[in-house]
Amino acid sequence: MPSSYRYSKLFRRSRVLWGSFSLWQPRLVFWCGALAIGVISVGFAKLADLAQKGFGSLTSSGEWAFLLPLALTPLGFMLSAYLAVTLFPNSQGSGIPQAIAARHLRDEEDRTRLLSLKIAFGKIVLTVLGLFSGASIGREGPTVQVGASIMLAVARFSGMAQARGLILAGSAAGIAAAFNTPLAGIVFAIEEMSRTYESRANGLVLTAVILSGLAALGLSGSYNYFGMASASPTELRDWGLVLICGIGGGALGAAFSGFALHFGQKIRRWAQPQPLKRMLALAAICGLVIAVIGVASGGTTFGTGYEQARAAVEGNALPLLFFVEKLAASFLSMLSGIPGGIFAPSLAVGAGFGSTVGSLLGTSIALAAILGMAGYFAGVVQAPMTAFVIILEMTGDHQAVIPIMAVSMIGYVTSRILSREPLYHGLSRVFIAAAIRARRVVERESE
């Protein structure tokens, strides 16, 4: 056999191998990105827990330590707001509106202003700082922005053109890894992030959720966010909880969402002449009021509210006014402009509302707390399927599937009647408008 023929055959084989590698390279980068979301989500969760425990230790280590939040919380809020404006712009708030806005923007530069590895790093650091300062915030919404940022970076590094699908996949993976709720991650991506079912993106979403979930599972093990619950309606008054928690929770959620959008718009206009100075002043005022609420409530309104919500799900009644105090602290934390999510605090508010209703009616506290979470959460985000699936996965309460589903739907309908615009999508329009204005400025300067 001529040597030239052997060399030609070897060359053709190497081209095939190289061609197959170039086809697999984007997939490998994508898989690594999904695994990274799971690992970072677990690390983020541990840092958030440490920050919250650190705040609790500081404020309970002496006779007058309970008054420490009156100084620590406003100063922490001011530092977080300052760093968010100066070093990590567009890291403020939950992070879910930024991910939604980035999916609507076509220009890569506009997207990277909302989703980047730098913003993801700042989001984690500032959310942890907020929890160490006693803010009523959660890490789950920020994990969405972190996951979406990682996947957008994957799109750039691997040359994948499906940026919108990858943002969707990163967002779903973030929710799945943050709560250990893979089904909720998928439903959240379809119902809340995209508001439609995109067949071209379903494979990306499923793969990202599976890989990030496996990474989180390997590091944290299998667990239910609120443990295992087995509450179910046994009496007629238990079924009355469905209506009360659905309508009441939906109305409270609509109030939170509507006022957040209304006052957010007012604050943006008020801050325009001197945005940095005025936003720092607002952060300090919000932090001080949150500190006063926290001290008055015995410290129960600081942080995510996870312990209080879990206690209610386990059947331990919360103080009757806890949900009012927690709602006020969460609302002010959101208005302050510091990075931090509303998922976990919303679950705590809902559990507190349900616990109060259950105490007044003399029904099961555990069932009332679970239904209160479903009604309020569906009212805030106006995503009933996400509310139903995420609470079912977090509590494992399969005996109450129908009541949870019914409360989620009633809460959603009630909220839609009272507040027509979904919270996250209303907030996302702010970022879309800002990106359009920035693009027009660049275009005018280049002319």
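As the structure is a prediction and not an experimental result, all values here were calculated from the model.

Asker: Please set out the overall build of the protein residue by residue, giving values where relevant.
Answerer: Per the secondary structure count, the protein includes 18 helices and zero strands. Relative to its 447 residues, the protein shows a buried fraction of 55%. Long-range contacts, defined as pairs at least 24 residues apart, comprise 81% of the intrachain contacts of the protein with a sequence gap of at least 6. Accessible surface computed for the protein: about 19,200 Å², of which carbon and sulfur atoms make up 66%.

Asker: I'd like a description of the nonpolar core, backed by residues and values.
Answerer: In terms of nonpolar packing, the biggest core is built from 124 residues, with Phe343, Ile391 and Ile404 touching the most fellow members. By residue number, the principal contributor to this core is helix α15 (residues 365–381), which donates 13 residues. Once residues within four sequence positions are removed from consideration, Phe343 is found in contact with Ile96, Glu140, Ile175, Phe179, Phe188, Phe377, Ile390 and Tyr424. Grouped together as the second largest cluster of nonpolar side chains are five residues, Leu83, Ala84, Phe88 and Leu126 included.

Asker: Give me a nonpolar patch on the surface: which residues, what numbers.
Answerer: Residues Trp64, Phe66, Leu67, Leu70, Leu288 and Val292 make up a contiguous nonpolar surface patch of roughly 560 Å² in combined accessible area. Tracing the backbone through its elements, the reader meets Leu70 in helix α2 (residues 69–86).

Asker: I'd love a proper account of helix α5 (residues 117–132), names of residues and values included.
Answerer: If you check α5, its first and last C-alpha atoms are 23 Å apart, about what 16 residues at 1.5 Å a residue would give, namely 22 Å. Among the residues of α5, Ile119, Ala120, Gly122, Lys123, Ile124, Leu126, Thr127, Val128, Leu129, Gly130 and Leu131 are the ones counted as buried. Remark: Gly134 follows α5 within two positions and exhibits a positive phi of approximately 90°.

Asker: An account of the packing of helix α10 (residues 236–271) against α15 is needed here, citing residue identities and associated values.
Answerer: Between α10 and α15, the least distance of the axes is 7 Å, while the angle of their chain directions is 35°. The interaxial crossing formed by α10 with α15 has right-handed handedness. The residues of α15 that touch α10, namely those facing Asp238, Leu241, Val242, Cys245, Gly249, Gly250, Leu252, Gly253, Ala254, Phe256 and Ser257, are Leu367, Ala368, Leu371, Gly372, Gly375, Tyr376, Gly379 and Val380. Residue composition of the contact of α10 with α15, grouped by class: 11 nonpolar, seven polar and one charged.

Asker: Describe the confidence of the model for the protein, naming the residues involved and giving the relevant values.
Answerer: When pLDDT is averaged along the protein, the result is 86, and 90% of the positions lie at 70 or above. Across the protein, the secondary-structure element scoring lowest on mean pLDDT is helix α1 (residues 3–58), at 74, and the one scoring highest is helix α13 (residues 322–335), at 96.

Asker: Could you give me a rundown of the pattern of salt bridges, with the residues and numbers involved?
Answerer: All chains considered together, the criterion is met by six salt bridges. Arg139 serves as the salt-bridge partner of Glu140, at 3.9 Å between the closest nitrogen and oxygen. Exposure remark for Arg139: the relative accessible area of 10% places this residue in the buried category. The partner of Glu421 in a salt bridge is Arg429, and the shortest N-O contact between them spans 2.1 Å. Accessibility expressed as a relative area gives 31% for Glu421, which makes it partly exposed. Taking the relative accessible area as the measure of exposure, Arg429 reaches 48% and is therefore partly exposed. Each of the salt bridges in this network shares a partner with another, and the network as a whole consists of Glu109, Asp110 and Arg113.

Asker: So what's going on with helix α14 (residues 343–361)? Residues and values would help.
Answerer: Its 19 residues give α14 an end-to-end C-alpha distance of 27 Å, which sits within 8% of 27 Å, the value for a rise of 1.5 Å per residue. Counting buried positions over the 19 residues of α14 gives 16, a clear majority of the element.

Asker: Let's hear about the environment of Ala260: which residues, and what values?
Answerer: Within the secondary structure, Ala260 sits in helix α10. A relative accessible area of 5% places Ala260 in the buried class. Along the primary structure Ala260 and Leu332 are separated by 72 residues, whereas in three dimensions their C-alpha atoms are 9.2 Å apart. Aside from chain neighbours lying at most four places away, what touches Ala260 is Phe331, Met334, Leu335 and Leu423.

Asker: Now, about the packing of aromatic side chains: what can you tell me, with residues and values included?
Answerer: Considering all chains together, one arrives at 10 aromatic pairs under this definition. Among the aromatic residues, ring-to-ring pairing joins Phe188, Phe343, Phe377 and Tyr424 into one connected group.

Asker: Talk me through the environment of Val209; I want residue IDs and the actual numbers.
Answerer: The residue Val209 is located in helix α9 (residues 202–220) in this model. Taking the C-alpha atoms as reference points, Val209 and Ala34, 175 residues apart in sequence, are found 7.4 Å from one another. In this structure, Val209 is in contact with Ala172, Ala173, Ala176, Pro182 and Ile186, ignoring residues within four places of it in sequence.

Asker: Which residues make up the environment of His104, and what values do they have?
Answerer: Here His104 shows up in helix α3 (residues 96–104). Here His104 falls in the partly exposed class, since its relative accessible area comes to 46%. Measuring from C-alpha to C-alpha, the distance between His104 and Arg164 comes to 8.0 Å, with 60 residues separating the pair along the chain. Among the polar contacts made by the side chain of His104, one reaches the main-chain carbonyl oxygen of Ile100 at a distance of 2.8 Å.

Asker: If you had to explain the packing of helix α8 (residues 182–193) against helix α16 (residues 384–395) to someone new, which residues and values would you point to?
Answerer: Two elements in contact, α8 and α16, have axes separated by 8 Å at closest approach and are oriented at 170°. One way to sum up the angle between α8 and α16 is to call them roughly antiparallel. On the side of α8, the interface is formed by Pro182, Leu183, Ala184, Val187, Phe188 and Glu191, while α16 contributes Pro384, Met385, Thr386, Val389, Ile390 and Glu393. Taken together, the residues of the contact of α8 with α16 sort by class into nine nonpolar, one polar and two charged.

Asker: Break down unusual backbone geometry for me, with residues and values.
Answerer: In this model, Asn90 sits at a positive phi of 70°, which is unusual for a non-glycine residue. For Asn90, the location among the structural elements is in the loop between α2 and α3. With phi around 55°, Gln382 is a residue other than glycine that occupies positive phi space. By the secondary structure assignment, Gln382 is in the loop between α15 and α16.

Parameters and conventions
- Residues numbered from 1 in each chain as written.
- Predicted model: local features only at pLDDT ≥ 70, side-chain atom pairs only at ≥ 80, totals over all residues.
- Heavy atoms only, no water.
- Helix = DSSP H or I, 4+ residues; strand = E, 2+ residues; numbered from the N terminus.
- Buried < 20%, exposed > 50% of the residue type's maximum accessible area, 1.4 Å probe, protein only.
- Contact = heavy atoms within 4.5 Å.
- Areas by Shrake-Rupley, 256 points an atom, 1.4 Å probe, with all protein chains shown as cover.
- Core = buried A, V, L, I, M, F, W, Y, C linked by side-chain atoms within 4.5 Å.
- Patch = residues over 30% accessible without salt bridge, like charges linked within 9 Å, V, L, I, M, F, W, Y side chains within 5 Å.
- Salt bridge = Lys/Arg side-chain N within 4 Å of Asp/Glu carboxyl O.
- Expected span 1.5 Å × (residues − 1).
- Axes fitted to C-alpha atoms, helices over the stretch in contact; angles between N-to-C directions.
- Left-handed = near helix turned anticlockwise from the far one by under 90°.
- Nonpolar A, V, L, I, M, F, W, Y, C, P; charged D, E, K, R; others polar.
- pLDDT = per-residue confidence, 0-100.
- Phe/Tyr/Trp six-rings, centres within 6.5 Å; stacked < 30°, edge-to-face > 60°.
- Polar contact = N/O pair within 3.5 Å; in protein donor to acceptor, adjacent residues only side chain to side chain.
- Parallel < 35°, antiparallel > 145°, perpendicular 65-115°, else oblique.

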